[in-house]
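# Structure at a glance
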Amino acid sequence: MDTDSSPANERGAESTGTRASAAADLLRDAHQRLAFHVNNSPIPVIEWNSEFRLARWSRRAEELFGWRQEELLGRHPSDWKFVHEEDAESVNAVMQRLLSGAEPRSVSRNRNYTKDGRVLHTEWYNSVLLRRDGGLDSILSLVLDVTARVEADDARKILAQSQKLDAIGQLTAGIAHDFNNLLTVILGNLQLLERQAAGHAAMAKRLRTAANAALRGSDLIKRLLAFSRRQVLSPARVDVAALVRESVELFRRTLGEDISVRTTLADDLWVVEIDAHELETALLNLAINARDAMPGGGVLAIEVRNHVIGQEYADRHGDVPAGDYVLMIVSDTGHGMPESVRARVFEPFFTTKPDGRGTGLGLSMVYGFIKQSGGHIEVYTEEGHGTSIKLYLPRATHAGAAHPPPQAAASAAPRGSETVLVVEDNADLRDIAARFPEQFGYTVVTAVDAAEALAILATRDDVDLLFTDIVMPGEMNGDELAAKAGALRPGIAVLYTSGHPKGALRTGDAARCDTPVLLKPYRAAELARAVRAALEGERR
Ligand SMILES: Nc1ncnc2c1ncn2[C@@H]1O[C@H](COP(=O)(O)OP(=O)(O)OP(=O)(O)O)[C@@H](O)[C@H]1O
Ligand SMILES: [Mg+2]
């Protein structure tokens, strides 16, 4: 049979042609649909060829990363600033596994840059497309932008950590407050006994030993109060560059010859309103930590510059308000810390140093001080490479020149003959508070609370100084008592004492900021100087 010439065969040839063109139509259609889907996919679709050069970059990829497909076609991702430097190695490894056929698909995480230099956290869903002969055709990647989720997780972690520190702080503050009162009683009584023991050398020596132990205890309490943000601060306008220069001079020798100190201080630094003495202590603490992390020597770098925290950054980070800061970065080239240490450095008594070498209160104090001062602190560390601690110090809000750090007067205890009204609810403390001024010539009247103090002031007109605790049980606190006393007896001098000033002290009006505070536990000479200064201050 001659099949070729039959009409049926002609129809057959015709139908083959029709089928082929129908198939071509279908294929074109499928292609178009696919292109449509790829371009309209809300998820960026990226295709790489077998050399990992860009073959397709969907519209959504253009929107997310900023580059247009034409700019990138045929380029390898290492040819343009796309993969975050710190992730380059892991991205390379993922690529190699896909290209070598070791993995037909993978899910990976890294950071990418956008064309305008922002950093995005991305999740990559990659699959290998094979040719019919089994060779690699291309790699298809779907990219999810998970930046918001990662940042929210980070913010949650930071928040959880700062809440934990808050809770420890509250507990610590309570204990420190009570111990402070006990120590004031112990120290005061020991000092009174020392005077009576004059002439008994052996007894005086024992009393001195006891007093020294109590003083060490009070030093510990001061550090705990610093951590729990209950320390009495004397913020003043500070030129941070000058302070860093002076501090470095002081501690350069402590660091030893194997550590070189480099400072980079911007010229146009904003003025900061902060307690200069405590800032020096913080810097010293950081320098000592850096020294301990570089037993074989290294570099301690201190950089200070202005820094603005924008609203967006503040919103994302949760615990740092937007605003102008002077940023102090203290970096070392030491051994760094593993994450398990980094996560706990601010906890009081957390130390990795051998017994007797560290109390674990250094960074706790710095943390509490910076937070109490309205600032912010961050730790960056890389094991084996070093550590950077960033202190954000809030810019002073009103204009004026910076003062040099105040010098402590070391003169002998001054005397006086005025009348002092001591208000203290704790009987033991009241006894001490009354005895001390008497030693220096003053007449002392005591009251257990604000109500009694006001009753005394209403009947006597010879009281020159009101010496009161800030925090008191009952209706009135020290501030309110001082205000009422001032109304009853205009011109009366006021001296506060406290072991537990709370935030109240720092937020007050200018008048209250000027009122001196004597921190418990105090020594006789400190009280004498504070009483004299308060009385003189009133006369000026
Ligand atoms: N620059 C640093 N490099 C490496 N590790 C550090 C650094 N600073 C702090 N650390 C780690 O954090 C821990 C806590 O530091 P922190 O200053 O609070 O206490 P400390 O130095 O151990 O004791 P203290 O300061 O009371 O003498 C240290 O024991 C150390 O493990
Ligand atoms: Mg330390």
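Residues numbered from 1 in each chain as written. Chains lettered and ligands numbered in written order. Predicted model: local features only at pLDDT ≥ 70, side-chain atom pairs only at ≥ 80, totals over all residues. Heavy atoms only, no water.

### Some points on the pattern of salt bridges
A full pass over the atoms with the stated rule returns 33 salt bridges. With a closest N to O distance of 3.2 Å, D25 and R28 form a salt bridge. Of this pair, D25 and R28 both sit in helix α1 (residues 7-40), separated by 3 residues, roughly a single helical turn. Here D25 falls in the partly exposed class, since its relative accessible area comes to 42%. (Salt bridge = Lys/Arg side-chain N within 4 Å of Asp/Glu carboxyl O. Helix = DSSP H or I, 4+ residues; strand = E, 2+ residues; numbered from the N terminus. Buried < 20%, exposed > 50% of the residue type's maximum accessible area, 1.4 Å probe, protein only.)

### Let's talk about the confidence of the model for the chain
Interpretation of the predicted coordinates at a detailed level should be avoided for regions scoring low in pLDDT. This prediction gives the chain a mean pLDDT of 86; 91% of its residues lie at or above 70. Across residues 404-411, where pLDDT falls below 50, the model places 5 contacts with residues more than four positions away in sequence or in other chains. Counted against residues more than four places away or in other chains, residues 501-512, with its pLDDT under 50, gives 17 contacts. (pLDDT = per-residue confidence, 0-100. Contact = heavy atoms within 4.5 Å.)

### What to know about the packing of aromatic side chains
Within this structure, the stated rule accounts for 14 aromatic pairs. An angle of 85° between the planes, with centres 5.9 Å apart, marks the rings of Y325 and Y392 as edge-to-face. Of the two residues, Y325 is situated in strand β10 (residues 323-332) and Y392 in strand β12 (residues 386-394); the sequence distance between them amounts to 67 residues. With respect to burial, Y325 and Y392 carry one shared label: buried. One aromatic cluster is present, built from ring pairs that chain together W57, F65, W67, W80, F82 and W124. Of note, K81 hangs over the ring of Y113, and the distance from its end group to the ring centre comes to 3.6 Å. (Phe/Tyr/Trp six-rings, centres within 6.5 Å; stacked < 30°, edge-to-face > 60°. Lys NZ or Arg CZ within 6 Å of the ring centre and 35° of its normal.)

### Points about the site of ligand 1
Taken together, 19 residues sit near ligand 1, with D332, T351, T352, K353 and T359 positioned nearest. Between ligand 1 and K353 there is a distance of 2.6 Å, counted from an oxygen atom to a side-chain nitrogen or oxygen. Here an oxygen atom of ligand 1 sits 3.0 Å away from a polar atom, N or O, in the main chain of G360. Compared with its free state, where it exposes 590 Å², ligand 1 has 92% of that area covered by protein. Of all the secondary structure elements, the ones that give two or more residues to the shell around ligand 1 are α8 (276-293) and α11 (362-372). Of the residues belonging to the shell around ligand 1, the class tally is 7 nonpolar, 10 polar and 2 charged. (Near = heavy atom within 4 Å. Polar contact = N/O pair within 3.5 Å; in protein donor to acceptor, adjacent residues only side chain to side chain. Areas by Shrake-Rupley, 256 points an atom, 1.4 Å probe, with all protein chains shown as cover. Nonpolar A, V, L, I, M, F, W, Y, C, P; charged D, E, K, R; others polar.)

### Focus on helix α12 (residues 427-439)
Here α12 is 13 residues long and its end C-alpha atoms lie 19 Å apart, about the 18 Å a rise of 1.5 Å per residue gives. Every buried residue of α12 is listed here: L429, R430, I432, A433, A434, F436, P437 and Q439. The distance from a side-chain oxygen at the start of α12 to the backbone nitrogen of L429 is 3.1 Å, and the residue carrying that oxygen is N426. After α12 finishes, the residue G441 shows a positive phi value of roughly 100°. (Expected span 1.5 Å × (residues − 1).)

### What about the nonpolar core?
Membership of the largest hydrophobic core comes to 47 residues, with the highest contact counts inside it found for V244, L300, I302, V304, M328, L391 and L393. Among residues more than four places away in sequence, those in contact with L391 are L286, V326, L327, M328, V366, I370, H376 and I377. (Core = buried A, V, L, I, M, F, W, Y, C linked by side-chain atoms within 4.5 Å.)

### Some thoughts on unusual backbone geometry
Here F52, not a glycine, exhibits a phi torsion of approximately 60°, which is positive. Examined against the element boundaries, F52 turns out to sit in the loop between β1 (45-49) and β2 (54-57). Look at F52 and you get buried, because its relative accessible area is 7%. One non-glycine residue, R229, adopts positive backbone phi at about 60°. Following the sequence through the fold, R229 ends up in the loop between α6 (201-227) and β6 (236-238). By relative accessible area, R229 is classed as partly exposed at 27%.

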